[in-house]
Amino acid sequence: MSRKPDLAALFGAVEASTFLGLDACSDVERIEASSAFIGAPCATPYISAGPYARNGPESIRKAAASLAANTDRYNFDIGGPLFPEGSMRAVDCGDLPWHETDFASNRETIRKTVSTVVDRGTIPILIGGDDSIPIPMLDALGDTGKRYTVLQIDAHIDWRDEYLGEKLGLSSNMRRASEMGHVENIIQVGARGTGSAYPQDVGDCLGWGVHLIPASRILHDGVQQALDHISDNASVAICIDIDGLDPSITPNTIGRTPGGLGYQHALDLIKGVADKAKIAAVNFAEIFPEADIDGQGGMTVSRLVAATMGIVARQQMAK
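Residues numbered from 1 in each chain as written. Predicted model: local features only at pLDDT ≥ 70, side-chain atom pairs only at ≥ 80, totals over all residues. Heavy atoms only, no water.

Trainee: Would you mind going over the pattern of salt bridges with me for this structure?
Mentor: Side-chain pairs of opposite charge can arise where the charged atoms are in close proximity. Taken as a whole, this structure holds 14 salt bridges when the rule is applied. Note that Arg61 and Asp92 form a salt bridge whose closest N and O atoms lie 2.8 Å from each other. Pair noted here: Arg61 is in helix H1 (residues 56-64) and Asp92 is in strand E4 (residues 91-95), with a separation of 31 residues, a long-range link. For Arg111, the salt bridge identified is with Asp139, shortest N-O distance 2.8 Å. You can see Arg111 sitting in helix H2 (residues 103-119) and its partner Asp139 sitting in helix H3 (residues 134-141), a full 28 residues away along the chain. Using a relative accessible area of 31% as the deciding quantity, one classes Asp139 as partly exposed. Connected via shared salt-bridge partners are Glu58, Arg61, Asp92 and Asp95. (Salt bridge = Lys/Arg side-chain N within 4 Å of Asp/Glu carboxyl O. Helix = DSSP H or I, 4+ residues; strand = E, 2+ residues; numbered from the N terminus. Buried < 20%, exposed > 50% of the residue type's maximum accessible area, 1.4 Å probe, protein only.)

Pasting the structure below:
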């Protein structure tokens, strides 16, 4: 027998067109939810590569489909059902419209959507898409008039001022964040190996005041050293490039690098932010399903997204 059996039905799988079978929300102006799955297939990809991560959002929906009937079950990652009694559920806002060449339009669509969702009191969970999507997401947070901490999980520091003639691409997102007046603190976790950064880029990063914690330090000493740099009650935007995780659990990315954080590290960082401060926005980027191996990466990311929704739902209850 050469064909792999489909055992999804064993877990009560049902047909689901949205993430986890959540209610669809087609009008963000009227959104009422604790958090929102927002697909962002494309923002500002480099011309040489094009929108290679455009199938990322849909792949995460598919990866979670087998659990669509199980959202009322006990989730040991977060200590109870995904959405506990008395909490608001999350919704799926579908994928944002995007254009292969009109990148300014892509950014404005992301920015406007995030700003509207945040204004409605809902936490956006942006699913990419390449790692240029954090730039308009973070930019949109400036509309609130608040100050923000950025916690990035990434194998690369993304401090190039320009790369391949583009200043708003995936290699520049943290440098662009550092230029936003409402970003007051940046913590970058997971750097390892060789990326696009030159020594001067690292110097600029440290000179700005970034708390830079390589993957090796997290693996040796745990996540608390990152959480210690977050002020109590801060508003925190969490930016996760999935290549920040070990490629054995997230092979569905183009930036595979040996080492990296484990699932529990990422989960403990997200939970740690909610325990100490407030999650204001989240993105998961660099999701490239064509590189996945037996669905492992999709499963890992979809579980992290689901856990994040549950953590946010609890955070909203505690207001």
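Trainee: Which parts of the structure should I look at to understand the sheet that holds strand E6 (residues 148-153)?
Mentor: Strand pairs in the sheet, formed through backbone hydrogen bonds, run parallel or antiparallel to each other. Pairing within the open sheet is parallel, and its eight strands lie in the order E4-E1-E5-E10-E9-E6-E7-E8. Every other strand in the sheet has two partners, leaving E4 and strand E8 (211-213) as the edge strands with one partner each. Neighbour-to-neighbour, the strand axes of the sheet open up by a mean angle of 15°, direction not taken into account. Of the pairings in the sheet, the one linking strand E1 (residues 35-40) to strand E5 (residues 123-128) comprises six bridges and is parallel in character. What sits directly across from Phe37, in E5, is Ile125. Docked against the sheet, H3 engages E5, E6, strand E9 (235-241) and strand E10 (278-285), running at close to 175° with respect to E9. The strands touched by helix H9 (residues 296-317) within the sheet are E1, E4, E5 and E10, with E10 carrying the most contacts at an inclination of about 165°. (Pairing = 2+ DSSP bridges. Axes fitted to C-alpha atoms, helices over the stretch in contact; angles between N-to-C directions. Contact = heavy atoms within 4.5 Å.)

Trainee: Before we go on, may I ask you to explain the pairing of E6 in this structure?
Mentor: Here is the key point about a regular strand: its side chains alternate between the two faces of the sheet. For E6, the tally of buried residues reaches six of six residues, placing the bulk of the element in the interior. Where burial is concerned, the two faces of E6 agree: the one with Tyr148, Val150 and Gln152 and the one with Thr149, Leu151 and Ile153 are both buried. The pairing of E6 with strand E7 (residues 183-189) spans six bridges and is parallel. Following the sheet pairing, Ile153 is matched in E7 by Val189. What joins E6 to E7 is helix H4 (residues 173-178), and the crossover it makes is right-handed. Bridge count for E6 against E9 is six bridges, and the pairing is parallel. Among the inter-strand pairings, Ile153 is bridged to a residue of E9, identified as Ile240. (Right-handed = clockwise from strand over helix to strand, strands pointing away.)

Trainee: Sorry, what's going on with the environment of Arg3 here?
Mentor: With respect to the helices, strands and loops of the structure, Arg3 is situated in the segment before E1. Under the relative-accessibility criterion, Arg3 is labelled exposed at 69%. Taking the C-alpha atoms as reference points, Arg3 and Ser26, 23 residues apart in sequence, are found 38 Å from one another.

Trainee: Where do I start with the packing of aromatic side chains in this structure?
Mentor: Each aromatic ring pair is specified by the distance between its two centres and by the angle formed by the two planes. Counting across every chain of the model gives four aromatic pairs. Here the aromatic rings of Tyr46 and Tyr163 are separated by 5.3 Å at their centres, their planes lie at 75°, and the arrangement is edge-to-face. Placement of the pair is Tyr46 in the loop between E1 and H1 and Tyr163 in the loop between E6 and H4, with a sequence separation of 117 residues. Geometrically, the ring pair formed by Tyr52 and Phe288 is edge-to-face, given 6.1 Å between the ring centres and 85° between the ring planes. With Tyr52 in the loop between E1 and H1 and Phe288 in the loop between E10 and H9, this residue pair connects regions lying 236 residues apart in the sequence. Residue classification places Tyr52 among the buried residues on the basis of a relative accessible area of 12%. (Phe/Tyr/Trp six-rings, centres within 6.5 Å; stacked < 30°, edge-to-face > 60°.)

Trainee: Sorry if this is basic, but what is going on with the packing of H2 against H3 here?
Mentor: Think of two packed helices as two axes; the pair is described by the angle between the axes and how far apart they sit. Direction vectors running N to C along H2 and H3 enclose 40°, while the axes themselves pass 8 Å from each other. With respect to each other, H2 and H3 are oriented oblique. Relative to H3, H2 is oriented so that their crossing is right-handed. Packed against H2, whose contacting residues are Arg107, Ile110, Arg111, Val114, Ser115 and Val118, the element H3 presents Pro136, Met137, Asp139, Ala140 and Leu141 at the interface. For the contact of H2 with H3, the per-class residue count stands at seven nonpolar, one polar and three charged. (Parallel < 35°, antiparallel > 145°, perpendicular 65-115°, else oblique. Left-handed = near helix turned anticlockwise from the far one by under 90°. Nonpolar A, V, L, I, M, F, W, Y, C, P; charged D, E, K, R; others polar.)

Trainee: I tried to follow H2 on my own but got confused; where do I start?
Mentor: Side chains of residues three or four places apart in an α-helix project in the same direction, reflecting 3.6 residues per turn. Taking 1.5 Å per residue, 17 residues should reach 24 Å; H2 reaches 24 Å between its end C-alpha atoms and fits that length. Every buried residue of H2 is accounted for by Phe103, Asn106, Thr109, Ile110, Thr113, Val114, Ser115, Thr116, Val117 and Val118. Immediately downstream of H2, the backbone of Gly121 shows phi near 85°, a positive value. (Expected span 1.5 Å × (residues − 1).)

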